[in-house]
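What follows is each chain in one-letter form.
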Amino acid sequence: MAGGGVLVPGNRILTCVHVVNAALRRGNDPAPPGPEEAISVDTPHPPGYRPVAAYVVGDTWDAERDTTLLRLDEDPRDYEHPAAWLAARMDEVAESGSPRRVVVRGYPSGVPEGLLATAEVVGYGGGIPGRAQLNVVDPTVSVEQGFSGCGVQDTTDGSVIGIVTTARFDAAHPYQSRVAFMEPLEWVTALRPLLVDEEFEAVKTFLYALRFEAVSAAYAAATRHRGPERADFTSAWDAFVRLRQYAPRPDGLPCEIAYLVEIAKMGIADTRSLHGYVESRSPWYVPRHALGRISTEPSTPAPAGGTLIIAAEPIPVEPGTTPRYTLSHWLDDGHSISNRGSRRITEDTLRDTVLEMVVDAEAHLPAWDSPDSGELRLEFILPFPLLTQQIAQWRLPTPFTGEGERIGASYEIVVHSAERFTEKRLAGARRKLAERWRGLTDNAEGFVHRIPPRPSSPDDPPLADRLAHPGITLCALGSPPREREGTLQLYHAIEAGLPAIIWLDAADEDATRGFHGRIESITSRSGEAISHDDVASLSRHVRSWRTRNTIGGQDNSEGYDPYDINIILDDMSHIRRLLHIGILSTPE
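Predicted, not measured: the structure shown is a model, and the values here were computed from it.

Peer 1: In this structure, what is going on with the overall build of the protein? I would like to understand it.
Peer 2: When you go through the protein residue by residue, the secondary structure sums to 18 helices and 25 strands. Burial statistics for the protein: of 588 residues in total, 48% are counted as buried. Within the protein, contacts between residues at least 6 apart in sequence are counted, and of these 65% link residues at least 24 apart. For the protein, the accessible surface area stands at approximately 27,700 Å², while carbon and sulfur atoms represent 51% of it.

Peer 1: Explanation requested: the pattern of salt bridges in the structure shown.
Peer 2: Any two side chains of opposite charge can pair, given that their charged atoms come close. Per the stated rule, a full pass over the model turns up 24 salt bridges. One salt bridge in this structure joins Glu183 and Arg131, with 2.8 Å as the shortest N-O distance. Taken as a pair, Glu183 in strand β13 (residues 179–184) and Arg131 in the loop between β7 (115–124) and β8 (132–136) lie far apart in primary sequence, 52 residues in all. One exposure class covers both Glu183 and Arg131, and it is buried. One salt-bridge network, in which partners are shared between bridges, spans Arg89, Glu92, Arg100 and Asp154.

Peer 1: Quick question: what am I supposed to make of the pairing of strand β6 (residues 100–106) here?
Peer 2: Most of β6 sits out of view: five of its seven residues are buried. Examined bridge by bridge, β6 and β7 share seven bridges and lie antiparallel to one another. By the bridge assignment for β7, Arg101 is matched with Glu120. Bridging between β6 and strand β10 (residues 151–154) involves three bridges; their strand directions are antiparallel. What sits directly across from Val102, in β10, is Asp154.

Peer 1: I would appreciate a short explanation of the sheet that holds strand β11 (residues 160–167) in the present structure.
Peer 2: Picture the strands of a sheet paired through backbone hydrogen bonds; they go either parallel or antiparallel. Here six strands make up a closed barrel; going around it, the order is β6-β7-β8-β13-β11-β10 and the pairing antiparallel. Neighbour-to-neighbour, the strand axes of the sheet open up by a mean angle of 40 degrees, direction not taken into account. Two elements, β11 and β13, share five bridges in a ladder whose sense is antiparallel. Bridge pairing in β13 links Thr166 to Phe181.

Peer 1: How should I be thinking about the confidence of the model for the protein in this particular structure?
Peer 2: Segments scoring low in pLDDT should not have their predicted coordinates read at a detailed level. Across the protein, the average pLDDT comes to 84, with 87% of residues at or above 70. Below a pLDDT of 50 lies the segment residues 300–304, which in the model reaches 15 contacts outside its immediate sequence neighbourhood of four places, other chains included. The low-confidence segment residues 551–555 (pLDDT under 50) makes seven contacts with residues lying over four places distant or belonging to another chain.

Peer 1: Sorry if this is basic, but what is going on with the nonpolar core here?
Peer 2: What tends to happen in soluble globular proteins is that the nonpolar side chains get buried as a cluster. Leu378, Phe380, Ile407 and Ile501 are the most contacted members of the largest nonpolar core, which totals 44 residues. Examining the composition of this core, we find that six residues originate from one element, helix α9 (residues 350–364), more than from any other. In contact with Ile501, not counting residues within four places along its chain, are Arg420, Leu474, Cys475, Leu477, Leu490, Ala493, Ile494, Asn566, Ile567 and Ile568. Within the second largest apolar cluster, 34 residues are counted, among which are Val203, Phe233, Leu243 and Ala264.

Peer 1: It is not clear to me how the packing of helix α5 (residues 236–243) against helix α6 (residues 255–266) should be interpreted in this structure. Could you clarify?
Peer 2: Helices that pack against each other are described as a pair by the angle of their axes relative to one another and the distance between those axes. Two elements in contact, α5 and α6, have axes separated by 8 Å at closest approach and are oriented at 150 degrees. Judged by the angle between their axes, α5 and α6 are roughly antiparallel. Classified by chirality, the crossing of α6 by α5 is right-handed. Residue-level inspection shows Ala236, Ala239, Phe240 and Leu243 of α5 in contact with α6, the latter providing Cys255, Glu256, Tyr259 and Leu260. The residue inventory of the contact of α5 with α6, partitioned by class, reads seven nonpolar, no polar and one charged.

Peer 1: Looking at this structure, I do not really get the packing of aromatic side chains. What am I missing?
Peer 2: Applying the stated rule across the entire model yields 12 aromatic pairs. Between Phe515 and Trp545, the aromatic rings sit 6.1 Å apart at their centres with planes inclined by 85 degrees, giving edge-to-face as the arrangement. Remark: Trp545 occurs in helix α17 (residues 538–548) and Phe515 occurs in helix α15 (residues 509–518); sequence separation between them is 30 residues. The class for Phe515 is buried, based on a relative accessible area of 0%. Site record: aromatic cluster; members linked through ring pairs are Phe200, Tyr208, Trp237, Phe240 and Tyr277. Against the face of Tyr563 rests Arg406, its NZ or CZ located 3.6 Å from the ring centre.

Peer 1: It is not clear to me how the side chain of Asp564 should be interpreted in this structure. Could you clarify?
Peer 2: Topologically, Asp564 is positioned in the loop between β24 (554–555) and β25 (565–569). Buried within the structure, Asp564 lacks any salt-bridge partner; its nearest side chain of opposite charge belongs to Arg406, at an N-O separation of 6.4 Å. Not counting residues up to four positions away in its chain, the partners in contact with Asp564 are Gln390, Gln393, Trp503, Leu504 and Asp505.

Peer 1: Can you help me understand the packing of α6 against helix α7 (residues 272–280) in this one?
Peer 2: Relative orientation of the contacting elements α6 and α7 amounts to 150 degrees, with a least axis distance of 9 Å. Judged by the inter-axis angle, α6 sits roughly antiparallel to α7. Considering the relative orientation of α6 and α7, their crossing is left-handed. Judged by residue contacts, Ile257, Leu260, Val261, Ile263 and Ala264 of α6 engage Leu274, His275, Tyr277 and Val278 from α7. Taken together, the residues that form the contact of α6 with α7 break down as eight nonpolar, one polar and no charged.

Peer 1: Whenever I open this one, the environment of Tyr219 confuses me. Can you help?
Peer 2: Tracing the chain through its elements places Tyr219 in helix α4 (residues 216–222). A relative accessible area of 3% places Tyr219 in the buried class. Remark: the alpha-carbon pair of Tyr219 and Cys255, spanning 36 residues in sequence, is separated by 8.9 Å.

Peer 1: Explain α7 here, please?
Peer 2: Each full turn of the α-helix corresponds to 3.6 residues, which orients residues three or four apart in the same direction. Those residues of α7 lying buried are Ser273, Leu274, Tyr277 and Val278. Projected down its long axis, α7 carries its buried residues within an arc of 130 degrees, all on one side. Looking at α7, the residues exposed on the side facing more than 90 degrees away from the buried face are Arg272 and Glu279. Each element contacted by the buried residues of α7 is listed here: α3 (198–208), α5, α6 and α8 (288–296).

Peer 1: So what exactly am I meant to see when it comes to α3 here?
Peer 2: When we look at burial in α3, the residues that qualify are Phe200, Val203, Phe206 and Leu207. Taken end-on, α3 shows its buried residues confined to a sector of 130 degrees, consistent with a single buried face. Opposite the buried face of α3, at more than 90 degrees from it, the exposed residues are Glu198 and Thr205. On its buried side, α3 packs onto α5, α6 and α7.

Quick notes on the rules
- Here, residues in each chain are numbered from 1, in the same order as that chain's written sequence.
- Selection of residues for local features in this predicted model requires a pLDDT of at least 70, selection of side-chain atom pairs for listing and counting requires 80 or more, and totals for whole chains, interfaces and linings are taken over all residues.
- Side-chain metrics rest on all non-hydrogen atoms present in the structure, leaving aside hydrogens and water.
- Secondary structure elements are taken from DSSP: a helix is a run of H or I of four residues or more, a strand is a run of E of two residues or more, and numbering for both begins at the N terminus.
- Relative accessible area decides the class of each residue, using a 1.4 Å probe on protein chains only: under 20% of the type maximum gives buried, over 50% gives exposed, and in between gives partly exposed.
- Only heavy atoms enter the contact rule, under which two residues are in contact if any of them lie within 4.5 Å.
- The Shrake-Rupley method, run with a 1.4 Å probe, gives the accessible areas here. Residue values count only the displayed protein chains as cover.
- By definition here, a salt bridge exists when the distance from a side-chain nitrogen of Lys or Arg to a carboxyl oxygen of Asp or Glu is within 4 Å.
- Note on pairing: DSSP must find at least two bridges between two strands before they are called paired.
- Angles here are taken between N-to-C directions and fall from 0 to 180 degrees, while the axes themselves are lines fitted to C-alpha atoms, restricted in helices to the stretch in contact.
- Confidence of the predictor at the level of single residues is captured by pLDDT, which takes values from 0 to 100.
- Take the buried Ala, Val, Leu, Ile, Met, Phe, Trp, Tyr and Cys residues and link them wherever side-chain atoms come within 4.5 Å; each set so joined is a nonpolar core.
- An angle counts as roughly parallel when it lies under 35 degrees, as roughly antiparallel when it exceeds 145, as roughly perpendicular when it falls between 65 and 115, and as oblique in every other case.
- Each crossing is labelled by how the near helix is turned from the far one, with a counterclockwise turn of less than a right angle marking it left-handed and a clockwise turn marking it right-handed.
- Side-chain classes follow a simple rule in which Ala, Val, Leu, Ile, Met, Phe, Trp, Tyr, Cys and Pro form the nonpolar group, Asp, Glu, Lys and Arg form the charged group, and the remainder, Gly included, forms the polar group.
- Stacked, edge-to-face and tilted labels apply to pairs of Phe, Tyr and Trp rings (six-membered ring for Trp) whose centres lie within 6.5 Å, assigned for plane angles under 30 degrees, over 60, and everything in between, in that order.
- Look at NZ for Lys and CZ for Arg. If either is within 6 Å of the ring centre and within 35 degrees of the ring normal, a charge sits over the ring.
- Charged residues are defined narrowly, with Lys and Arg counted positive, Asp and Glu counted negative, and His plus the chain ends left uncounted.
- As used here, the arc is the angular range of directions from the helix axis to the C-beta atoms.

Written out as structure tokens, the structure is:
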């Protein structure tokens, strides 16, 4: 049979009508073949494949939608692979408006083991209602003859959600296509009874009835590997939906599974639906060794971390006088946000005022007797004149010696550009920033752009043009903003709506080149791309560089001082929250 199929419960194979017709050399006959006509199907069997006779299940033949089921003429115990886990996903794709990453193994002529293509289900599309469009994203493998009837597998949980039916070919590429079409399983009448995920519906009902506050500790425990992050959810179900979008934990356990296990351990209600859902997921998706370990660990309170948010707002002054600012701060302890007051400062008094605020915040956070006790994260919302402050280099006063370690070793530090969110003239930058975040979420990764650490040349393309690509997420400046060249680069990066901007505050070009190379440690594809999770964890990565690569305050391996690394990281969902609670003012 020239094509593929999906093994479904009942010792049957789902495939395309045109694949069967081609195998039987029937042309485009819309009528099903006779019940005695056998189709030879290659089924997995060590050490490779073996042919098995299959017959069309007559009442499943649907020539209009190009699908049919075949009955295998052998005992299910005689073949190696179990039936696929089937799922209906098109409602989720349509509701979210976001592409869904999938893989398809096709069997072109001459490739008996098949080729694996990565694609995205982008929504409904094709020649008949209900059909879905697949955009191939793998640059090396396209859809070609031999992919028809092959299963489309959801990469998030391993479920099969449809089969490939057709592809869009053109004159330039008559045998390969980057756009194909899928028949979703919910349109295969004979399979609809198998698509009801009773465990999923039960856990949805359970979580919908729980307020998130009741299970926030479970959420924190399940995401502890990600570091402190905001969790603004109304119901426990909302958090579950978010966690399904995250990459698995380091132990391989999906975050939402760990979340359900932690809720079950809290004993707040009858949790049979939680256990039922967890146990019903495939071992391919839920590693049983990791599940066993987390299930037997004692339930402990989540570390109580916090975030200190410090915002500087310029005070109008007469021209020629010293610029002054109102410095306000809020303490987010993970449960509520309290306003800790404001002070009037100048650039010279910024450092001492911030350090006092940090000491005050530490005193108000609960202390946990645990090696994983929560830590304070520092967020600064600063106008342009203060963005180049060497915050990570500042030292906290300590009781005995008077001078402690640099705060870049003690805290994650993130800086936000105040004007990007408060000035009317930067409305275009805000729009671009929101679009880039949407693209990063949809594609799971974005591009990294490094500005060469050398003076600009008249032959260079304008920087604004180089930064205009909507896929750029992280930009590494080539000069520190305290220099004129670096200031222009920073202005361009902010105006381009780049979510993450990073630079080394060193005028030495060799040090900057070394720093640009070091960025590859948190990127993929030879340093050219960065994942959504790594963008969110950027401040934690930088803190790790600082603490691992300095001895006695001196750099020992990088060729530069890691405390000279600065980050601007503007997450739109986070910024909208700051606007909502009044920490940021809306543009006039």
